[in-house]
Amino acid sequence: MNVDEEEEALERGGYSRIYQIMHMLIGGGIIAGVFLTVIYLLDFPWVILLVLLKGLNCLGLIFYPEVAAVSVILTFAIAYMPSGLCGGLYTGYRIKENLRIILLIPALLGFLFAILILSWFFPRYRLLINLNPTTDVLIPLVGIIIGSYLGGYSMNWGVEAEEAEEVEGETTIRMLGFEEAEAEIEEAERLERLRGIGPARAERLRDAGVKTISDLAEAEVEDLYEKTGIPRAVLLRAIEEAKELKGLKGEGQPTEGD
Amino acid sequence: MRARLFGMKLPVAIFVLILAALLGVSCILVEYISMKYSKGNYFRLETRFVDLEFPRNWIAVTGKKENSSGVIISVACVSSGQDAGVFFIVYDENMTRIYLEKVRNWASLRGYRVNDTSAAILFEAERLFNYHKNRTKVNDGNVTLLLLDNGMIKVSNYEANYLTIMIMGLRIERGGGSEICNGTWRFISWIYDKKLSFVVLYGIGEYWNQPEIWEIFNHILNSTRYK
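## Focus: the packing of aromatic side chains
Link 1 in the chain: Within the structure shown, the criterion is met by 22 aromatic pairs over all chains.
Link 2 in the chain: Joined through ring pairs, the aromatic side chains of Tyr-91, Tyr-99, Trp-106, Tyr-112, Phe-123 and Phe-198 of chain B make up one cluster.
Link 3 in the chain: Taking NZ or CZ as reference, Arg-232 of chain A lies 4.0 Å from the ring centre of Tyr-225 of chain A, over its face.

Put into structure tokens, the structure is as follows:
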């Protein structure tokens, strides 16, 4: 690799890294945005919980401590996972490689952004020690990570298989081409193409070990006459024609001029 | 890596399945909790000082105020539109003593010669009226206090004092706007095991006189057990 190529590769690598970091940051931003919108602006999990309790004629349970667990489950399903999914979809759409590691970064960034934004508005989040490690940190983080991976992989799901299918398709086409070529060669070597050689005489020649026009071009008239019983004149004319087709006429044999 | 489930890409299908499973689990949990606390059309609610039953479609909120002096337990049961409700407040022994001292001072300043529970009722009624007066004053409104009736009543086998008041000209927030209406409150108070107990029934506008609401009030009061 010369200096120019190295520089080009470095440039390409640098751009790629910046490109990836940029899209991971945007992915994280999307996660934080959806997370905050769904939970704090729309209060969506609470609305769904109310609808669920009203639907089951259990509105009175809303402040029961056990229902807090249902609220956490709903928030996981309706807010944490979908926000991760949105960020993952974007990141997966933009970045196709190393998804196993790449998708974790926007998830973590998204959660961090959300906490930072929340700490601006809600004093409870200012000191992270005030947060409940399970419900405020672990569960949201797990939900966002799961969503991010599902989103990221769904964008690229089947792409490898489709590419493989395309490659397989090309190979098949190539294989078909080879077979066609082979068939053409076979056709070109068919003894029946020669004047005076019909299917019966061709069969007798094949029995005598002359399977193709090339074989016939190298055969001796007398030898073949003895083996097949085909008239010498016919054999001579067929051998001459075979030599002409194979371009052997004149090679190693004296020409009329000689 | 091209597996599909229900015509969806596998990760999307997994996401949908997790979502559906969690919603299903939530429903099952709610049903389980509902079965655990259900008693006909009512739910049971147990607190430190009081157990009660309230309608399934009402909302119950418990509160606990605790400091070095003692504990105050409160339970609010309100209809989903907050047009009617019942509040329970129970003071522990020490808190009862402190609270009653304050109430006695307040009553003596006004020259009221009433027993402790009646003084407590008057004290709370005035506090409520002042709250609404200040709230309405901000909006250039006027509220009027009417004393409807008072006397003795039996609640959960306890003889209690009660006072019914109406505050006219209340500003109530409803459906994004505010409207002026009347509200009726009944304060009931008694002392058991040296603990002061309050029950406050309220109804906004016509809700106070609705038979269904009174059926609920009576069920709540009759099902309440003090510990």
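## Quick look at the packing of helix α3 (residues 65-94) of chain A against helix α1 (residues 10-37) of chain B
Link 1 in the chain: Closest axis-to-axis distance for the α3 of chain A/α1 of chain B pair is 9 Å, and the angle between their directions is 170°. It follows from the interaxial angle that α3 of chain A and α1 of chain B lie roughly antiparallel. Across from Glu-66, Val-67, Val-70, Ile-73, Leu-74, Phe-76, Ala-77, Ile-78, Met-81, Pro-82 and Leu-85 of chain A in α3 of chain A, the residues of α1 of chain B making contact are Phe-15, Ile-18, Leu-19, Leu-22, Leu-23, Val-25, Ser-26, Leu-29, Val-30, Ile-33, Lys-36 and Tyr-37 of chain B.
Link 2 in the chain: Class assignment for the residues of the contact of α3 of chain A with α1 of chain B results in 20 nonpolar, one polar and two charged.

## So, the interface of chain A and chain B
Link 1 in the chain: The partner chain B presents 34 residues to the 33 residues of chain A that form the contact.
Link 2 in the chain: When chain A packs against chain B, close to 3100 Å² is buried across both sides, 76% of that on carbon and sulfur atoms.
Link 3 in the chain: Put simply, chain A and chain B have one salt bridge between them.
Link 4 in the chain: Glu-66 of chain A serves as the salt-bridge partner of Lys-36 of chain B, at 3.1 Å between the closest nitrogen and oxygen.
Link 5 in the chain: At the junction of chain A with chain B, the criterion picks out eight residue pairs in polar contact (both at pLDDT 80 or more).
Link 6 in the chain: The element contributing the most residues to the side of chain A that touches chain B is α3 of chain A, with 11 residues.

## Here's the deal with the environment of Leu-100 of chain B
Residues and elements named next belong to chain B.
Link 1 in the chain: Mapping Leu-100 onto the fold places it in helix α2 (residues 93-110).
Link 2 in the chain: Classification of Leu-100 as buried rests on a relative accessible area of 5%.
Link 3 in the chain: Between the alpha carbons of Leu-100 and Asp-116 there is a distance of 6.7 Å; along the sequence they are 16 residues apart.
Link 4 in the chain: For Leu-100, the contacting residues outside a window of four places in its chain are Asp-116, Ile-191 and Leu-196.

## As for a nonpolar patch on the surface
All names here are of chain A.
Link 1 in the chain: Among the surface-exposed residues, Tyr-40, Ile-117, Trp-120, Phe-121 and Phe-122 lie close enough to one another that they form a single nonpolar patch of about 570 Å² accessible area.
Link 2 in the chain: Broken down by element, the residue count for the nonpolar patch peaks at three residues, all from helix α5 (residues 104-121).
Link 3 in the chain: Inspection of the secondary structure puts Ile-117 in helix α5.

Analysis parameters
- Residues numbered from 1 in each chain as written.
- Chains lettered and ligands numbered in written order.
- Predicted model: local features only at pLDDT ≥ 70, side-chain atom pairs only at ≥ 80, totals over all residues.
- Heavy atoms only, no water.
- Phe/Tyr/Trp six-rings, centres within 6.5 Å; stacked < 30°, edge-to-face > 60°.
- Lys NZ or Arg CZ within 6 Å of the ring centre and 35° of its normal.
- Axes fitted to C-alpha atoms, helices over the stretch in contact; angles between N-to-C directions.
- Helix = DSSP H or I, 4+ residues; strand = E, 2+ residues; numbered from the N terminus.
- Parallel < 35°, antiparallel > 145°, perpendicular 65-115°, else oblique.
- Contact = heavy atoms within 4.5 Å.
- Nonpolar A, V, L, I, M, F, W, Y, C, P; charged D, E, K, R; others polar.
- Buried area = accessible area lost by both parts, 1.4 Å probe.
- Salt bridge = Lys/Arg side-chain N within 4 Å of Asp/Glu carboxyl O.
- Polar contact = N/O pair within 3.5 Å; in protein donor to acceptor, adjacent residues only side chain to side chain.
- Buried < 20%, exposed > 50% of the residue type's maximum accessible area, 1.4 Å probe, protein only.
- Patch = residues over 30% accessible without salt bridge, like charges linked within 9 Å, V, L, I, M, F, W, Y side chains within 5 Å.
- Areas by Shrake-Rupley, 256 points an atom, 1.4 Å probe, with all protein chains shown as cover.

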